[in-house]
Amino acid sequence: MNPQAKLVFVTSLLMGTTITISSNHWIMAWTGLEINTLAILPLISKSHHPRAIEAATKYFLVQATASTLVLFSSMTNAWYTGQWDITQLTHPTSSLILTAAISMKLGLAPFHFWFPEVLQGSPLTTGLLLSTAMKFPPITLLYMTSQSLNPALLTTLALLSVALGGWMGLNQTQTRKIMAFSSIAHLGWMTIILTYYPKLTLLSFYLYAMMTATVFLTLNSMKVLKLSTLMTAWTKAPSLSTILLLTLLSLAGLPPMTGFLPKWLIIQELTKQDMAPAAMIISLLSLLGLFFYLRLAYCATITLPPHTTNHMKQWHIDKPINSSIAVLATLSIMLLPVSPMLATIV
């Protein structure tokens, strides 16, 4: 892709995100979401492969539908209350429509079907943007309207997302699809706590974005798109494979790592809100996700390729680790000791 064109699209993405997260008026928020959608489409379809074109088409149709619902929700609320302010979304029907629209934009179950297909058709760098940066504006809208949303509905969507994200990721062999189902499951964790402790949703999103960025950048550096390629990666890039192993364990939420922090705080807050059954169910469902993270980690570091291979042997050259990967990996693995400080900031 032409560097000037790429610069225009990335700048538009930043501008669209900034407009949405800093707006008070629904029309401005909607405008920012539309700019984001239009800016990411060329980045999805830049390879001109039929699957990439299909992914861009699916993404456009889903996002256009969701944007229409956002506009419809805000207009309904303005009709009944005379308010266009985002924080004044008080009408129950508008809240219901908005929840459906944002769920569709984020890829929350049961509106998740487009996300794995779109991620599979996109390059890894675009997949990283779709999994992190493109989720930020809708999550800020949820954050601003959290006091008006229906807690029972959000809890149901969250449990469904964690269940489907874990269950459907079990049998995947493509790394991008596994990361898509991982994203759906993590969104469930963010959604379940939204009405009770909205700042915890944002903290959870920031840590998820950091860990996902590390995984995507590492996979991109190793040029890994499927598990069979990952199995031969250890001999070529042992240091990157080690980083991938530790980050995946962090993403799974195992205790010594950073990923345990949001889950720990969310379970603690749910218990305080007399939602111990929901906390227990979501914790058990996250074990499904743990299985496919361990599978990825096993393929990355423990399996070695058979000695009687038919493919051409490659030189054993350990690829240099990018400084951004090094910084992100350190934060993704070792942030748990400073959790009391993070908790006070939140």
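Residues numbered from 1 in each chain as written. Predicted model: local features only at pLDDT ≥ 70, side-chain atom pairs only at ≥ 80, totals over all residues. Heavy atoms only, no water.

For the protein, the name recorded in an unreviewed UniProt entry is NADH-ubiquinone oxidoreductase chain 2, with Podoces hendersoni as its organism. You can read under Catalytic activity (unreviewed entry) in the UniProt record for the protein the words "a ubiquinone + NADH + 5 H(+)(in) = a ubiquinol + NAD(+) + 4 H(+)(out)". UniProt lists a comment for the protein under the heading Function (unreviewed entry), and it reads "Core subunit of the mitochondrial membrane respiratory chain NADH dehydrogenase (Complex I) which catalyzes electron transfer from NADH through the respiratory chain, using ubiquinone as an electron acceptor. Essential for the catalytic activity and assembly of complex I." (UniProt positions renumbered as here; feature names shortened; annotations may be inferred.)

A.B. asks: How should I be thinking about the side chain of Thr247 in this particular structure?
C.D. replies: Note that Thr247 resides in helix α13 (residues 238–252). Within the structure, the side chain of Thr247 is placed 2.7 Å from the backbone oxygen of Ile243, a separation counted as a polar contact. Apart from residues lying up to four places away in sequence, Thr247 is in contact with Met211, Thr214, Val215, Ser332 and Ile333. (Helix = DSSP H or I, 4+ residues; strand = E, 2+ residues; numbered from the N terminus. Polar contact = N/O pair within 3.5 Å; in protein donor to acceptor, adjacent residues only side chain to side chain. Contact = heavy atoms within 4.5 Å.)

A.B. asks: Whenever I open this one, unusual backbone geometry confuses me. Can you help?
C.D. replies: A negative phi angle characterises most non-glycine residues, just as the trans form characterises most peptide bonds. At the junction of Ala109 and Pro110, the peptide bond is cis and its omega measures out at 5° in the coordinates. Among the structural elements, Pro110 can be located in the loop between α4 (92–106) and α5 (114–120). For His48, which is not glycine, the phi dihedral falls at a positive 60°. Looking at the element boundaries, His48 is found in the loop between α2 (26–44) and α3 (50–81). The backbone of Lys223 shows a phi angle near 60°, a positive value even though the residue is not glycine. Topologically, Lys223 is positioned in the loop between α10 (198–222) and α11 (227–230).

A.B. asks: Sorry, what's going on with the nonpolar core here?
C.D. replies: One recurring pattern in soluble globular proteins is that nonpolar side chains are buried together. With 99 residues, the main nonpolar core has Tyr59, Leu130, Ile192 and Leu230 as its most contacted residues. For this core, the element with the highest residue contribution is α10, accounting for 13 residues. Here this core spans two domains, since at least three of its residues come from each of domain 1 (1–124) and domain 2 (150–345). Look past the residues within four positions of Leu230 in its chain and what remains in contact with it is Leu219, Met222, Val224, Leu244, Leu296, Cys299 and Ala300. (Core = buried A, V, L, I, M, F, W, Y, C linked by side-chain atoms within 4.5 Å. Buried < 20%, exposed > 50% of the residue type's maximum accessible area, 1.4 Å probe, protein only. Domains from an automatic or database assignment.)

A.B. asks: Explain the domain arrangement of the protein here, please?
C.D. replies: Accessible area lost during the coming together of the parts is what is often quoted as the interface size. Domain assignment breaks the protein into domain 1 (1–124) and domain 2 (150–345). For domain 1 versus domain 2, the separation of C-alpha centres amounts to 24 Å. Domain 1 puts 17 residues into the contact, and the matching count from domain 2 is 23 residues. Taken together, both faces of the contact between domain 1 and domain 2 bury some 1800 Å²; the carbon and sulfur share is 75%. (Buried area = accessible area lost by both parts, 1.4 Å probe.)

A.B. asks: Looking at this model, I keep getting lost on the UniProt feature "transmembrane region" (unreviewed entry) in the protein. Mind explaining?
C.D. replies: Per the UniProt entry, the sites bearing "transmembrane region" (unreviewed entry) are residues 56–75, 95–115, 152–171, 178–197, 203–222, 243–266, 278–304 and 325–345 in this numbering. Within the segment residues 178–197, helix and strand shares are 75% and 0% respectively, and the terminal C-alpha atoms sit 29 Å apart. Secondary structure content for residues 203–222 is 100% helix and 0% strand, while the C-alpha to C-alpha distance between its ends is 29 Å.

A.B. asks: Whenever I open this one, the packing of aromatic side chains confuses me. Can you help?
C.D. replies: We describe a pair of aromatic rings using the distance from one ring centre to the other and the angle between the two ring planes. Summed over the entire model, instances satisfying the criterion amount to eight aromatic pairs. Here the aromatic rings of Trp114 and Phe115 are separated by 5.4 Å at their centres, their planes lie at 70°, and the arrangement is edge-to-face. Taking the relative accessible area as the measure of exposure, Trp114 reaches 8% and is therefore buried. Note on Phe115: relative accessible area 1%, which makes it buried. On the numbers, 5.0 Å between centres and 50° between planes, the contact of Phe292 with Tyr293 is tilted. Judged on exposure class, the residue Phe292 and its partner Tyr293 are both buried. Taken together, Phe136, Phe205, Tyr206 and Tyr208 form an aromatic cluster joined through their ring pairs. (Phe/Tyr/Trp six-rings, centres within 6.5 Å; stacked < 30°, edge-to-face > 60°.)

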